[in-house]
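Residue-level listing of the chains:
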Amino acid sequence: MSGTMTEAPVGAESRTPSAAGAATRTLARAEAVRLLRHPAVLVAFALYLVQWAYGAFSGDDRYPVLHDEDRYTQMSLLLIAAGTLLAANLAALRSHRHGTDAMFDLLALPPWRRTWAHLLALLPVTALAAVLAGARIGYAAAQDAAVGSPSVVELATGPLVVLLAGVIGVLAARVVRSVVAAPLTLAVLGIVTVAGALQPKSDARWWGLVGIEDESVPPLPTALTHRPASWHLLYLAALVILVAAVAVLRAGGRSTAVKATAGAALLAVLGTGFAQQRGLPDEVREARTTAENAPSSQQVCVESDGIAYCAFPEFKDRYRQWAEVTGGVLRWVPQPAREKRYAVRQHVFLSTVDDGAVPPLPVARWGADDRAAGTPGAVPVGTDWGTHSDLAGDHMLGFAGSFAHRAVTGEAPAHSHNQAICRARGAITLWLAVQATDGTRDAYDSLAGRSFGGLSLNAFNAGTGFSVNAREQDLVRTLLTRPDAEVGAKVKQSWTELTAPDTTTDEAAALLGVPAPPAAREGEAGQCE
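Read on for a plain summary of the structure. Here the structure is a predicted model, which means the values were calculated and not measured.

Things to note about the overall build of the chain
Here is step 1: Helix and strand content of the chain: 22 helices and 7 strands.
Here is step 2: For 529 residues, the compact-globule estimate of 2.2 N^0.38 gives 24 Å, and the chain exceeds it by more than 25% at 31 Å.
Here is step 3: Each of the three principal axes of the chain carries a C-alpha extent, and together these read 120 × 45 × 40 Å.
Here is step 4: In the chain, which comprises 529 residues, the proportion classed as buried is 49%.
Here is step 5: Long-range contacts, defined here as pairs at least 24 residues apart, represent 78% of the contacts in the chain between residues at least 6 apart.
Here is step 6: When the accessible surface of the chain is summed, it comes to about 24500 Å², and 60% of that surface belongs to carbon and sulfur atoms.
Here is step 7: Treating the 44 positive side-chain charges of the chain as one cloud and the 48 negative ones as another, the clouds have centres 10 Å apart.

Below, the structure is given as structure tokens:
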């Protein structure tokens, strides 16, 4: 032993683990601030807020179903995930882009610790994404017409996707020392996401970032859904750990602990990934069959203004919106007709056929279930509501038409095929439905703009509904130009004549004090000829 001190080589890691850890955390804090200020991240957050504001001001968020809204937050956060991936990749490539790699090699922190700092810097942007997801679902829950309950697991998925995207960006910088890596990686992830969206019924979509559902299907009660959300969250968490470990390994951190972590994470990714692939459980399939054919056993009922409203528990509060429609219809119905026993029952209709056609509703089974439940002649209503989409608006107007038909004829539909409402009855039924609320009027304007000739009113994606011919629709257009109170008073006054099956459209126009519509051209009378 000479007693002389040997100087540590320049660029060597500190011999004190605590000092190296403190330096890593300091670098992580600095990189986190820079990441939050990065233009790609700022633009992503701005686009997210613009998209949210558009939905709020357009009224698309007026009738949220919270157990669907929780997964919608994941789609919105994909914007922030994309910005985070680009920004994290550019941050990890900064020294390479600036030609200062050699200078950084002289620092006390080796490349793998600097990579670890870049990974830690992703936590604040992930936390901010979680705050936005919570604020988004809180805003939805605060709406007067909100129904259902959100899932914490679904809400946590979006922020975890943001974290995963950032980790992928760091790994891409360690694998390919070029700025083109991030856009190409982002394009691949986008293709995977779109492919999953195009196959919403395939279990394979769960290998991607988010599990996208078929948005053309109306909302379902949670007991009838099957989303392996918990397994998917664990799958994403395992992916984060795996990708982060690989990034550290690529940067030279080849310790036994890092290698063991990567190996364990790989096994977890495979295990949780395959756990997502289990098909529809038997109990869910049985619950769907019961809900579709005889839902009364799964529902609760509320009575308001003498009308019984029965719904799946999570949709119970939707009766308030249904009551607005029924009240808008019945306000122009004479008292004797209003005193009839009315009921509304919520239904789901999941049946399809292989060629894409839609079968008729099981009207006979629904009628038998209604009678057994003590609500004979209940008017069916679906689970979607509002004018945020053409389909939801059509179904809302279809319910209004079904209830108006019940008030006009005093009978529930007895046939599963599409039924034409002819002559005066058709015009009065359609007018009552359209003028019921501002929402049904908006839905009518949308449907009329997409229809030619007559008009079909369907409350479900099914081959069962009502149709009104072009001539009766022309009469309704004229009536809608007059004040509702003026037309409604005449409807009440001439109710017996207007609701008689033999009263013609011309006679209805005379009773209501408006010009008769032009005569029907050949073939326009349809089933009413």
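Re the environment of Ala257
Here is step 1: Mapped onto the elements of the fold, Ala257 is located in helix H11 (residues 256-275).
Here is step 2: Taking relative accessible area as the criterion, Ala257 reaches 54% and is therefore assigned exposed.
Here is step 3: Through-space distance from the C-alpha of Ala257 to that of Ala245 is 9.7 Å; in sequence the pair is 12 residues apart.

Details of the sheet that holds strand E5 (residues 419-420)
Here is step 1: Taken in spatial order, the 3 strands line up as E5-E7-E6 in an open sheet, and their pairing is mixed. For this open sheet the edge positions go to E5 and strand E6 (455-457), each flanked by a neighbour on one side alone.

A look at the pairing of strand E2 (residues 307-311)
Here is step 1: Counting buried positions over the 5 residues of E2 gives 5, a clear majority of the element.
Here is step 2: Alternating positions in E2 separate into two faces, Ile307, Tyr309 and Ala311 on one and Ala308 and Cys310 on the other, with burial throughout.
Here is step 3: Both strand E1 (residues 300-304) and E2 contribute to a ladder of 5 bridges, which runs antiparallel. Bridged to Ser304 within E2 is Ile307.
Here is step 4: What sits between the antiparallel neighbours E1 and E2 is a turn of 2 residues, in which Asp305 has the positive phi angle 55 degrees.

A word on the environment of Gln199
Here is step 1: Examined against the element boundaries, Gln199 turns out to sit in the loop between helix H9 (181-198) and helix H10 (229-250).
Here is step 2: A relative accessible area of 48% places Gln199 in the partly exposed class.

Details of helix H12 (residues 282-293)
Working note: α-helix, 3.6 residues per turn, so residues spaced by three or four point in the same direction.
Here is step 1: Counted at 1.5 Å a residue, the expected span for H12 with its 12 residues is 16 Å, and the 17 Å between its end C-alpha atoms agrees.
Here is step 2: For H12, the complete set of buried residues consists of Val284, Ala287, Ala291 and Glu292. One face of H12 carries all of its buried residues, which in axial projection span an arc of 130 degrees. The exposed set on the far side of H12, more than 90 degrees from its buried face, consists of Asp282 and Glu286.
Here is step 3: For H12, the elements touching its buried residues are helix H15 (363-372).

Concerning the packing of aromatic side chains
Here is step 1: Applying the stated criterion across every chain yields a total of 9 aromatic pairs.
Here is step 2: Relative to Tyr139, the ring of Trp52 has its centre 5.9 Å away and its plane inclined at 70 degrees; by these criteria the two rings are edge-to-face. Of the two residues, Trp52 sits in helix H2 (residues 39-58) while Tyr139 sits in helix H7 (residues 122-141), which places them 87 residues apart along the sequence.
Here is step 3: Here Trp52 falls in the buried class, since its relative accessible area comes to 15%.
Here is step 4: A ring pair is formed by Phe399 and Phe403, whose centres lie 6.4 Å apart and whose planes are at 50 degrees; its orientation type is tilted. One end of the pair is Phe399 and the other is Phe403, both in helix H16 (residues 390-409) and 4 residues apart, which spans about a single turn. Neither residue differs from the other here; Phe399 and Phe403 are each classed as buried.
Here is step 5: Above the ring of Tyr48, the side-chain terminus of Arg136 is found at 5.6 Å from the ring centroid.

Parameters at a glance
- Residues numbered from 1 in each chain as written.
- Predicted model: local features only at pLDDT ≥ 70, side-chain atom pairs only at ≥ 80, totals over all residues.
- Heavy atoms only, no water.
- Helix = DSSP H or I, 4+ residues; strand = E, 2+ residues; numbered from the N terminus.
- Rg over C-alpha atoms; globule rule 2.2 N^0.38 Å.
- Buried < 20%, exposed > 50% of the residue type's maximum accessible area, 1.4 Å probe, protein only.
- Contact = heavy atoms within 4.5 Å.
- Areas by Shrake-Rupley, 256 points an atom, 1.4 Å probe, with all protein chains shown as cover.
- Lys, Arg positive; Asp, Glu negative; His and termini not counted.
- Charge placed at Lys NZ, Arg CZ, Asp CG, Glu CD.
- Pairing = 2+ DSSP bridges.
- Expected span 1.5 Å × (residues − 1).
- Arc of directions from axis to C-beta.
- Phe/Tyr/Trp six-rings, centres within 6.5 Å; stacked < 30°, edge-to-face > 60°.
- Lys NZ or Arg CZ within 6 Å of the ring centre and 35° of its normal.

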